[in-house]
Amino acid sequence: MKKLILLLMFYILVLLHIAPTFAQYDSSTQIGLPEGAIARFGKGYIYGMEYSPDGTRFAATTFIGVWIYDAHTGEELDLIAGEHDDRVYAAAYSPDSKNITTVGQDKKVRIWDVHTGQLLNTLIGHKDEVLSVAYSPWSDTGKL
């Protein structure tokens, strides 16, 4: 009986110690969650990385979307993912660093505002996955 009480007390102490750690989520697990979800495990497999031409940000394309980071601090700024139906394979910043274009398995090309994360345009009609995207290095207008 004494062993059972000691074991029960030990179990309660362990639960009291562990419980608060489960209630705290890393900020990256909360960005861009679908409705009803409370957390995300991991950030997805990385397919590619792209630095902005002005050198202030970089984007990591992953299974779940595009993570935008501050290039100087490494801080997560945003997750652009809401409109893609599947994997995002590549991204390209516009020459003025104001927009980012993403492509992926869903056969669509999407153009986003880097600072707000707002979807600006969707180009459809591709017959297969789009694996890469690029802006002309001679353009300063930010057009594809």
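About the cut-offs
Residues numbered from 1 in each chain as written. Predicted model: local features only at pLDDT ≥ 70, side-chain atom pairs only at ≥ 80, totals over all residues. Heavy atoms only, no water. Salt bridge = Lys/Arg side-chain N within 4 Å of Asp/Glu carboxyl O. Core = buried A, V, L, I, M, F, W, Y, C linked by side-chain atoms within 4.5 Å. Buried < 20%, exposed > 50% of the residue type's maximum accessible area, 1.4 Å probe, protein only. Helix = DSSP H or I, 4+ residues; strand = E, 2+ residues; numbered from the N terminus. Contact = heavy atoms within 4.5 Å. Pairing = 2+ DSSP bridges. Axes fitted to C-alpha atoms, helices over the stretch in contact; angles between N-to-C directions. Phe/Tyr/Trp six-rings, centres within 6.5 Å; stacked < 30°, edge-to-face > 60°.

Next up on the list: the pattern of salt bridges. Considering all chains together, one arrives at 1 salt bridge under this definition. Arg110 is paired through a salt bridge with Asp106; the nearest N and O atoms lie 2.8 Å apart.

Counting residues in hydrophobic clusters, the biggest one holds 10 residues: Ala59, Val66, Ile68, Ile80, Val88, Ala91, Tyr93, Ile100, Trp112 and Val114. Among the elements that line this core, the one with the most residues is strand β5 (residues 88-93), at 3 residues. Not counting chain neighbours up to four residues away, the residues in contact with Val66 comprise Ala59, Ala60, Thr61, Asp78, Leu79, Ile80, Val88, Ile100 and Thr102. In this structure, Phe58, Ala60, Trp67 and Leu79 belong to the second largest nonpolar core, which totals 5 residues.

Both strand β1 (residues 46-51) and strand β2 (residues 57-62) contribute to a ladder of 5 bridges, which runs antiparallel. The residue bridging Gly48 from the neighbouring strand is Thr61, located in β2. Linkage of β1 to β2, two consecutive antiparallel strands, is achieved through a turn of 5 residues, within which Gly55 is found at a positive phi near 75°.

Right, let's talk about the sheet that holds β2 for a bit. Strand-to-strand pairing in sheets goes through backbone hydrogen bonds, with the strands running parallel or antiparallel. Judged by pairing direction, the sheet is antiparallel, and its 4 strands sit side by side in the order β1-β2-β3-β4 without closing on themselves. Edge strands, defined here as strands with exactly one partner in the open sheet, are β1 and β4 (76-80). Averaged over all pairs of adjacent strands, the angle between strand axes in this sheet comes to 20°, irrespective of strand direction.

The buried count for strand β7 (residues 109-113) comes to 4 of 5 residues, which makes it a mostly enclosed element. Counted along the chain from strand β6 (residues 99-104) to the antiparallel partner β7, the turn is 4 residues long, and its residue Lys107 has a positive phi close to 70°. Alignment of β7 against strand β8 (residues 119-123), held across 4 bridges, turns out to be antiparallel. Bridging across to β8, Ile111 finds its partner in Asn121. Turn length for the β7-β8 hairpin, with the two strands adjacent in sequence and antiparallel, is 5 residues, and the turn residue Gly117 shows positive phi of about 75°.

Once that is clear, we can look at the packing of aromatic side chains. Applying the stated criterion to the full structure yields 4 aromatic pairs. With a centroid separation of 5.2 Å and 90° between ring planes, the pair formed by Tyr47 and Tyr89 is classed as edge-to-face. One end of the pair, Tyr47, is in strand β1; the other, Tyr89, is in strand β5, with 42 residues separating them in the sequence. By relative accessible area, which is 29% here, Tyr47 ends up partly exposed. Judged by relative accessible area, Tyr89 falls into the buried class, the value being 15%. Judged by centre distance (5.0 Å) and plane angle (15°), the ring pair of Phe58 and Tyr69 falls under stacked. Taken together, the residues Phe58 in strand β2 and Tyr69 in strand β3 (residues 66-70) connect sequence positions 11 residues apart. Judged by its relative accessible area of 13%, Phe58 is buried. A residue is classified by how much of its surface remains accessible, and Tyr69, at 11% relative accessible area, is buried. Here the aromatic residues Tyr45, Tyr47 and Tyr89 are joined through ring pairs into a cluster of three or more.

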